[in-house]
Amino acid sequence: MRGPRLFARRSRATDEGTVIRLIASWCLSYPDDEVLGRVDLIRAALAEQDDSRATELLRQTVDHLGGGDPAALRREYIELFDLSKRHTLYLSYWSDGDTRRRGASLGEFKQAYRDSGFLVDLRGELPDHLPIVLEFSARADPGRGVELLEKHRAALELIRFALLGAESPYAGAVAAVCATLPSPSPPDRATALAMCAPAPTETVGLEPFDPRLLPINPTRA
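Residues numbered from 1 in each chain as written. Predicted model: local features only at pLDDT ≥ 70, side-chain atom pairs only at ≥ 80, totals over all residues. Heavy atoms only, no water.

At their nearest, the axes of helix H10 (residues 153-165) and helix H11 (residues 171-180) sit 9 Å apart, and the two run at 150° to each other. The orientation of H10 with respect to H11, classified from their angle, is roughly antiparallel. Remark: the crossing between H10 and H11 carries left-handed chirality. On H11, the residues touching Arg153, Leu156, Glu157, Ile159, Arg160, Leu163 and Leu164 of H10 are Ala171, Val174, Ala175, Val177 and Cys178. Class assignment for the residues of the contact of H10 with H11 results in nine nonpolar, no polar and three charged. (Axes fitted to C-alpha atoms, helices over the stretch in contact; angles between N-to-C directions. Helix = DSSP H or I, 4+ residues; strand = E, 2+ residues; numbered from the N terminus. Parallel < 35°, antiparallel > 145°, perpendicular 65-115°, else oblique. Left-handed = near helix turned anticlockwise from the far one by under 90°. Contact = heavy atoms within 4.5 Å. Nonpolar A, V, L, I, M, F, W, Y, C, P; charged D, E, K, R; others polar.)

Where helix H4 (residues 53-67) contacts H11, the two axes come as close as 7 Å, and the packing angle between them is 160°. One way to sum up the angle between H4 and H11 is to call them roughly antiparallel. For the element pair H4 and H11, the recorded crossing hand is left-handed. Together, Ala54, Leu57, Leu58, Gln60 and Thr61 of H4 and Gly172, Ala173, Ala175, Ala176, Ala179 and Thr180 of H11 make up the contact between the two elements.

The next subject is the pattern of salt bridges. For the structure shown, the criterion picks out twelve salt bridges. Among the ionic pairs, Arg38 bridges to Glu34, the shortest N-O distance being 3.0 Å. Under the relative-accessibility criterion, Arg38 is labelled partly exposed at 24%. Across the salt bridge formed by Glu135 and Arg139, the nearest N and O atoms sit 2.5 Å from each other. Here Arg139 and Glu135 lie together in helix H8 (residues 130-140), a separation of four residues that amounts to about one turn. Glu135 gets classed as buried once you look at its relative accessible area, which sits at 3%. Residue classification places Arg139 among the partly exposed positions, given a relative accessible area of 21%. (Salt bridge = Lys/Arg side-chain N within 4 Å of Asp/Glu carboxyl O. Buried < 20%, exposed > 50% of the residue type's maximum accessible area, 1.4 Å probe, protein only.)

On to unusual backbone geometry. Here the phi dihedral of Glu167 falls at roughly 55°; this positive angle occurs in a residue that is not glycine. When you line up the elements, Glu167 lands in the loop between H10 and H11.

Shown next as structure tokens:
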């Protein structure tokens, strides 16, 4: 699914952190024609930023999207993010697993969106999907968005380490986001795990929230 569309009020991304998070939101979304059509715009936006570790990391993902065959990019995305939990972009999965606690975590994301005064169209995704959180933090409410990302910082880092382990160019986009946040990244995966150990799998009590905790959507085109 593509990222959300935000209505009511719109803020322009001005500082490097918000620009990086907005671009990362696009880069981590399903690479449909709309996303791939933004590659030139993304490169132009990055060229306007100061050279930094974050922009260098993000260019790795942008170059991958700009140089790949669209059909191959889409297959890769589905295999990496949709068909396996090893690299899932759903933040609360990393802290709550498939447990009843996850419903409360998803509710916190929804409440943050409501409190911001923006209407966030999730377009079929769960509210903790990383591209949605990133676009929210860049285009809607940077303060609340950064708070959400910092609260789920361990999940972000575990995604980063998982993508690095898979030697995926998408790791650059996640690492770039981590570089924009106030606190430092943990030095290794063990430290990130200590910050956020995934909960044991437990499916009892999920029905009142959303049974599609990790939707598999191989029909994307």
